[in-house]
Amino acid sequence: ISLGVAHSHVLSSSSPSSESLKKTIIDRCEAFIQKNKSSSANNCQKIWSAFEQAFVGRDPCNVPMEAYDPLIHTVIQDPVCNRMLFWSKTKKIAHDFTEKRDCFLTLEDTLVGFVMNELTWCGKEESNETFTTGCPGWTDCVNNTVRSFWNRASAAFADAACGDVTAMLNGSIATPFSPTSVFATIEVKRFKAAKIKSLSVVLVTKENEGTTCDDPSLQDLQKEIDPKLKYNCKAVPE
Ligand code: APR
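As a starting point, this report considers the structure included with it. (Residues numbered from 1 in each chain as written. Predicted model: local features only at pLDDT ≥ 70, side-chain atom pairs only at ≥ 80, totals over all residues. Heavy atoms only, no water.)

**Remarks on the site of the ligand**
In the vicinity of the ligand there are 15 residues, among which Trp87, Ser88, Lys89, Val182 and Glu187 approach most closely. Lys89 places a side-chain nitrogen or oxygen 2.6 Å from an oxygen atom of the ligand. For the ligand, whose unbound accessible area comes to 680 Å², protein coverage reaches 72%. Of all the elements in the fold, those that place two or more residues in the shell around the ligand are β1 (85-88), α7 (145-159) and α8 (182-190). Split into classes, the residues belonging to the shell around the ligand amount to seven nonpolar, four polar and four charged. (Near = heavy atom within 4 Å. Polar contact = N/O pair within 3.5 Å; in protein donor to acceptor, adjacent residues only side chain to side chain. Areas by Shrake-Rupley, 256 points an atom, 1.4 Å probe, with all protein chains shown as cover. Helix = DSSP H or I, 4+ residues; strand = E, 2+ residues; numbered from the N terminus. Nonpolar A, V, L, I, M, F, W, Y, C, P; charged D, E, K, R; others polar.)

If you want it as structure tokens, here you go:
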């Protein structure tokens, strides 16, 4: 039996890493749909195909965020007004929080974000293979496969934002509203005053140290958003 398994593996046309990426993505997608019945209109095979076409056969440093438009349009996702949680430099604490409370949702609690979370992938020019190692890192080039995905997915998440929106920012660093972050460069710029009532910043601080709601970067944030949007900020000890 073990010989048979090894044999079929050798015969498989794609590399083991691409097979395992496809399996990881489809397994995660199906697990998500099982847990979130409102997502059951999604087809995980279709999602994989739309995902794959964004980067297979392309230079991994030359995948613009628009390459993921077909993927974003394939995913069926209900907007969740009043419950969206944006975050910056607070990945762990924001997700620990949404895991315990069903009410708030981060991008990584939605189908695409959940499926791609923590994965690395890329293609190569003149190749139909998918790689999970040797891919450019986040800052190696601007239009890298993974970064462009998160930029596009974050744009879609922010486009859908409605009602009262919350952002969890890091009060232990010098610039909680970092001008180079995805939150600042993509998400805040897409907030639409016609759909969003308010932005509440939750500034996670260590007891009596770090930045406060008076921080200059948070004043920059306030200036960035439409004045029709209500803004408030609250420092919350970790
Ligand atoms: N190198 C590697 N990974 C990075 C880097 C980097 N220099 N910068 C960002 N990332 C990836 C990491 O996975 C990191 O955990 O992006 C994640 C978020 O980066 P942050 O700087 O902490 O936050 P931000 O850029 O604001 O992105 C978070 O965007 O993903 C959406 O909706 C989500 O609101 C959230 C925001």
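More follows now that the structure is in view.
**Looking at the pattern of salt bridges**
One pass over the full model with this rule turns up nine salt bridges. Of the charged contacts, one joins Asp96 and Lys92 as a salt bridge, the two residues approaching to 2.7 Å between their closest N and O atoms. Taken together, the positions of Asp96 and Lys92, both in helix α5 (residues 91-100) and four residues apart, correspond to about one turn of that helix. Residue Lys92 is classed as exposed on the basis of its relative accessible area of 60%. Glu224 serves as the salt-bridge partner of Lys189, at 3.8 Å between the closest nitrogen and oxygen. On the criterion of sequence distance, the pair formed by Lys189 in helix α8 and Glu224 in helix α9 (residues 216-224) is long-range, its members being 35 residues apart. For Lys189, a relative accessible area of 53% corresponds to the exposed category. (Salt bridge = Lys/Arg side-chain N within 4 Å of Asp/Glu carboxyl O. Buried < 20%, exposed > 50% of the residue type's maximum accessible area, 1.4 Å probe, protein only.)

**What about unusual backbone geometry?**
Phi is positive for Asn82, which is not a glycine, with a value near 70 degrees. Residue position: Asn82 is located in the loop between α4 (69-74) and β1. According to the relative accessible area criterion, Asn82 is partly exposed, its value standing at 41%. Positioned with a positive phi, Lys89 is a non-glycine residue whose angle comes to about 55 degrees. Within the element layout of this structure, Lys89 appears in the loop between β1 and α5. For Lys89, a relative accessible area of 45% gives the class partly exposed.

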